[in-house]
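What the coordinates show
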Amino acid sequence: MVSGEGTYIDDLSPLSNIQHAAILRSPHAHAVIKKIDVEEARKTPGVIGVVDGQQVKQLTRPLPVGVSAPQAYYPIAVDKVRYVGEPVVVVVAENRYIAEDALEKIKVEYEPLQTVVQILDALSEDSIPLHEKVGSNILNERHFDYGNVDQAFEDANHIIKRKFEFPKVNATPVENYGVIANYTNSEETYTIWSNFHGPFTLHSVMKAALNVPSNQLRIITPKDIGGSYGIKSGVYPYMVLIAVVSRIVGVPVKWIEDRQEHLMASSSGTDRVTWIEAAVKNDGTILGLKMKYADNVGAYIRAPEPASLYRNHSNITGAYRIQNVRLEAIAVTTNKSPTGLIRGYGGPQHYFPLERMMQIISEELNIDVVEVVERNLIRKDEFPYLTASGGMYDSGDYHKALQLVLDSINYKSFREKQKEDWKQGKYLGIGFASIVEPSGSNMGYVTLALTPEERAKGLPKSGAAEGATVSIDPMGGITVRISTVPTGQGHETVAAQIVADTLGVESSMVKVIAELDTSTSPWTVASGSYSSRFAPIGSSAIYLAAHKVKTKLLKIAAKQLETTVEELAMGNGKVHKELNPEVSISLKRLIGTTHWNPEVLPESLEPGLHESAFYTLPEAKAPTELDTVNGSVTYGFVFDAVKVEVDINTGEVKILDYFTVHDAGKLLNPKIANGQILGGLTHGLGAAIYENLVYDKNGQLLTGSFMDYLVPTATEIPNITIKHIETPSPLTVLGAKGLGEGNTMSAPAVIANAVTDALKPLGVTIEQLPLSPDYIWNKIHKKKIVEV
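Let us look at the structure shown here. This one's a predicted model, so the numbers in the text were calculated from it and none came from an experiment. (Residues numbered from 1 in each chain as written. Predicted model: local features only at pLDDT ≥ 70, side-chain atom pairs only at ≥ 80, totals over all residues. Heavy atoms only, no water.)

What to know about helix H6 (residues 201–210)
Within an α-helix, residues lying three or four positions from one another point in the same direction, as the helix has 3.6 residues per turn. For clarity, the threshold we go by: For every residue, the accessible area obtained with a 1.4 Å probe (protein chains only) is divided by the maximum for its type, and the residue is called buried under 20%, exposed over 50%, and partly exposed between those limits. Helix and strand assignments come from DSSP, with helices taken as H or I runs of at least 4 residues and strands as E runs of at least 2, each series counted from the N terminus. Taking the helix axis as origin, the arc is that swept by the directions to the C-beta atoms. Residue contacts are defined here by distance: any two heavy atoms, one from each residue, within 4.5 Å place the two residues in contact.
Among all positions in H6, only Leu202, His203, Val205, Met206, Ala209 and Leu210 are buried. Looking straight down H6, one finds its buried side chains confined to an arc of 160°; they lie on one side. Turning to H6, the residues buried within the fold contact helix H2 (53–59), strand S10 (189–194), strand S11 (217–221) and helix H7 (236–249). The positive-phi residue at the C-terminal boundary of H6 is Asn211, with phi of around 60°.

And the structure:
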């Protein structure tokens, strides 16, 4: 990549005669499409074809979702537009310039309708329903009750209530969405090249929308896709759109998204409002929680939503020993762009209110926040720990991580300095956050959106399977094909490392193929790059495939050395007797035997060295009739502490130091792990201080470029100290857990806690993000005005 040899979607020209698409998008957040006039656009020299929603509708079915949808969702507007930026017309031309010019000649007549933009408006009984069939803007609602919540609140000394708001944020990968699609009329097949990283549950969604057998939809992902952070799973509506456009115009079509399109109309994270109540004893022990949260899924609920509502359901109590929980989860629709997977999806929204409450409890009870956290953390001797909602935490030592942070920051001396600085008008603060990081999603958690009765009518969903293939050619070249579709996480490096260690060779001898082809790769419906699933699931599949190859080689060696497999060891390019290393045979000879001389192979052993393995965990079960579910296969732990200084004259937040301790089980590659931590932390920093997709009351996007949508750059990254502890997972083959999303979840909460701590003398508390200077300044000075 550094040398410029990366191959991205816009670099590809897999077919001849590829034409280029541009998309006309709605300028309205909600309107009826009364008339579309494309004649002038069609006459533009170089234009191949013009496609509108009615044409697409004739050749497709609505994109399916996992819950009841109030309206048919096509990848292009048909009769109505429901958000600014929704596709209305696609122009295909010889190049993008001609296509863009032709867009300006299209005339669309709209009849604007009333908009609903904010979550509280969507929940209001007075709000105009956007979807008449439902009569409400609530698309999904579930109630859950675990333990004895009423008794917990009756036994409490204090009931503490708060409301929190989390912003709608985007992911800003270096490369935006890109699709190349070709329809082969003679075979009635679609082939799509895209920087789509999965999950491949969406292959079935695309297949259903295109109305073809699954083996007539071929998806190919190039080896480099320019980053994602989850958001490129949302490219799939455009994959369907460009595919059917290719069918209509009769040529291969390429579409590359620009940055304004990405901010306006790609997928995004959900904004959320959370109401939370804690039942607390005088010593800070939390007896129970009541939570109600509402996610804004935008104009359409599209797969895999409402996943953000339920992805953290199993770890709803975080790192704390709370067995009494009542929850109301709601998904509402508004005239904002649709949402989907984004790094840590649902986690930042969940941990922001939960971890803010830990600090609020400490302030209400006048107990040090560290003492409150420490008292409620799950103890080492309680693992494996079963949460109230069904999560099975596999391993951990949370108190050890907390102590490691406290030792690193000199907590007592900081508190003394803080008091002195407050007297001098310098506002220093320190914040803490402890989060459980789920990794390796169990597919079944999404079905919590359905009632037990609704789930019983369909096929149960469970598991987190992943596949990998290891093969060795006649000359000893080792090739690994993986289906985890990396987006820059270094899966190739770790895969080569695992195979090399298993076969006792140098990792330089191993070639890893990371691009995925649904027609040839070993994939499952759960495959893809999401939920930090490579370490617990993908690496295990790679190890098992390599172990199959190793076992086969050992069986061949055992026959030739006239011994048993149990007496043999493999290493340094040969197989030898463990107790008599001089009795050996080279791997090169064994490999050659499988290809060149299969008659000497042990009886019933097939020739060749080409082994695939699929791996899942039995702990990834379908939800129970009681609505409990183990939503992920492993659970890591993150404990953060951050020191900040707040300028009360400008509202600026300056992060002085950031300390983070991770327990992700056995680390497979520490350098790559730290890189993932830094990336996740930066993503979380964006949501904490800078990022917010802001809409006005009419649904117009106000942050449609990097001039207005702020993201942290290199100059905003604070001093970061990363430390690790390792409590290997007893469940996974290598003892590893995921860690790519942890600080995305923890950073917004820990920074908000630190800012609130800094402004404690002024009585300011933080209930929403991002912590922009104007928000902080207004909190400080409105407080002063009220006091005066």
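What about the packing of H6 against H7?
Two quantities define a packed helix pair, namely the angle between the helix axes and the distance between the axes. Condition: Inter-axis angles, ranging from 0 to 180 degrees, are taken between N-to-C directions of lines fitted to C-alpha atoms, where helices are fitted over the stretch in contact. By convention the crossing between two helices is left-handed if the near helix lies anticlockwise of the far one by an angle smaller than a right angle, and right-handed if it lies clockwise. All residues other than Ala, Val, Leu, Ile, Met, Phe, Trp, Tyr, Cys, Pro, Asp, Glu, Lys and Arg, Gly among them, are scored as polar; the first ten of these are nonpolar and the last four charged.
Contact geometry for H6 and H7: axes closest at 10 Å, N-to-C directions at 35°. In this structure, H6 meets H7 at a crossing whose hand is right-handed. The segment H6 lies against H7, with Leu202, Val205, Met206, Ala209 and Leu210 engaging Tyr236, Met239, Val240, Ala243 and Val244. The class makeup of the residues in the contact of H6 with H7 is 10 nonpolar, no polar and no charged.

Quick look at the packing of aromatic side chains
Convention followed: Pairing of aromatic rings covers Phe, Tyr and Trp, the last counted by its six-membered ring, and requires centre-to-centre distances within 6.5 Å; plane angles under 30 degrees mean stacked, over 60 mean edge-to-face, and any other angle means tilted.
Within this structure, the stated rule accounts for 17 aromatic pairs. Centroid distance Phe144 to Tyr310: 6.2 Å. Interplanar angle 75°. Geometry classified as edge-to-face. Here Phe144 is found in strand S7 (residues 138–146), whereas its partner Tyr310 is found in helix H9 (residues 307–310), with 166 residues between them in sequence. Owing to a relative accessible area of 1%, Tyr310 belongs among the buried residues under this scheme. Both rings, one in Tyr238 and one in Trp255, keep their centres 4.5 Å apart while their planes meet at 20°; by these two values the pair is stacked. One end of the pair, Tyr238, is in helix H7; the other, Trp255, is in strand S12 (residues 253–256), and 17 residues separate them in sequence. For Trp255, a relative accessible area of 0% corresponds to the buried category.

Concerning helix H19 (residues 742–758)
Let me state the cut-off plainly: Expected span of a helix: the number of residues minus one, times 1.5 Å.
The terminal C-alpha atoms of H19 lie 24 Å apart, and with 17 residues this matches the ideal 24 Å at 1.5 Å per residue to within 8%. With respect to burial, H19 is a largely interior element, 17 of its 17 residues being buried.

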